Amino acid sequence: IISANPNIPEARREAMLANAEVGQSGIGGMLQGALVPFVMAVVLALLFMAFTNFLFGGEATFKKSLSVASYCSLVNIPASIVGVPLALMMGTSLIQFGPGLLLPESMEATYIGRVLALTNLFMIWQAGLAAIGMGIVSGTGTQRPAVAIYILLTIWILGMAALMSAMGG
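First, a word on scope: everything that follows refers to the structure included in this document. (Residues numbered from 1 in each chain as written. Predicted model: local features only at pLDDT ≥ 70, side-chain atom pairs only at ≥ 80, totals over all residues. Heavy atoms only, no water.)

### Some points on the overall build of the protein chain
Secondary structure summary: the protein chain contains 7 helices and 0 strands in total. Element order for the protein chain, N to C, with α for helix and β for strand: α-α-α-α-α-α-α. Expressed as a percentage of the 169 residues in the protein chain, the buried residues total 26%. Contacts in the protein chain between residues far apart in sequence, at least 24 positions, make up 54% of those at least 6 positions apart. For the protein chain, the exposed area adds up to about 10900 Å²; of that, 71% sits on carbon and sulfur atoms. (Helix = DSSP H or I, 4+ residues; strand = E, 2+ residues; numbered from the N terminus. Buried < 20%, exposed > 50% of the residue type's maximum accessible area, 1.4 Å probe, protein only. Contact = heavy atoms within 4.5 Å. Areas by Shrake-Rupley, 256 points an atom, 1.4 Å probe, with all protein chains shown as cover.)

### So, the environment of Ala 50
With respect to the helices and strands, Ala 50 occurs in helix H2 (residues 26-55). Given a relative accessible area of 30%, Ala 50 falls into the partly exposed group.

### Focus on the packing of aromatic side chains
Under the definition given, this model contains 2 aromatic pairs. Centre to centre, the rings of Phe 97 and Phe 122 are 5.1 Å apart; their planes meet at 90°, and the pair counts as edge-to-face. Of this pair, Phe 97 sits in the loop between helix H4 (76-90) and helix H5 (111-118) while Phe 122 is found in helix H6 (residues 121-138), placing the two residues 25 residues apart along the sequence. Here Phe 97 matches Phe 122 in class, with each residue buried. Ring centres 6.1 Å apart and planes at 35° place the aromatic pair Phe 122 and Trp 125 in the tilted group. Of this pair, Phe 122 and Trp 125 are both found in helix H6, 3 residues apart, which corresponds to roughly one turn of the helix. Judged by its relative accessible area of 16%, Phe 122 falls in the buried class. Residue Trp 125 is classed as partly exposed on the basis of its relative accessible area, which comes to 42%. Here the aromatic residues Phe 97, Phe 122 and Trp 125 are joined through ring pairs into a cluster of three or more. (Phe/Tyr/Trp six-rings, centres within 6.5 Å; stacked < 30°, edge-to-face > 60°.)

### Some thoughts on the nonpolar core
Counting 16 residues, the largest nonpolar core has Phe 48, Val 68, Ala 130, Met 134, Ile 149 and Ile 157 as the members making the most contacts within it. In this structure, Met 134 is in contact with Phe 48, Met 49, Thr 52, Ala 60, Ser 65, Val 68 and Pro 145, ignoring residues within four places of it in sequence. Counting residues in hydrophobic clusters, the runner-up holds 6 residues, among them Ala 79, Ile 95, Phe 97 and Phe 122. (Core = buried A, V, L, I, M, F, W, Y, C linked by side-chain atoms within 4.5 Å.)

### Regarding H5
In an α-helix, one full turn covers 3.6 residues, which means residues spaced three or four apart are oriented alike. The set of residues buried in H5 consists of Gly 113, Arg 114, Val 115 and Leu 118. At its buried positions, H5 is contacted by H6 and helix H7 (143-167).

Structure (structure tokens):
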């Protein structure tokens, strides 16, 4: 995918390919592949537990919160099943699963374009599952966790789009 992209300068392309080979080979690549999802699940579990216990007055344990975060991460499986073949067919890793798909190329580098590109249907599905799960394990109902999770998701999307705009990426 990197080597077939004509928009990447030759020197940058070679550096990216070298980094990809180093990062995905050997024990380092295997550890990264195993640790990143685990660390993300633990961080999400801590956030879910903190929100539930301190903001909503529920009583969620870390174990239950980790279960919710882990089950929600299973949404990445259908996302990969759909995304990987599309990326291979299209020859790019920039696959859209949301309103960013409808944008003309002229809008892709704008702030609004980045916001729409980051709005991913699989991420919205994952947030909905998290809200349902946290409502159930905490005993607070799903409405308040849903509002909190979608507010956090919106802040994350807007913040990442701003960061990408500031960095020019």
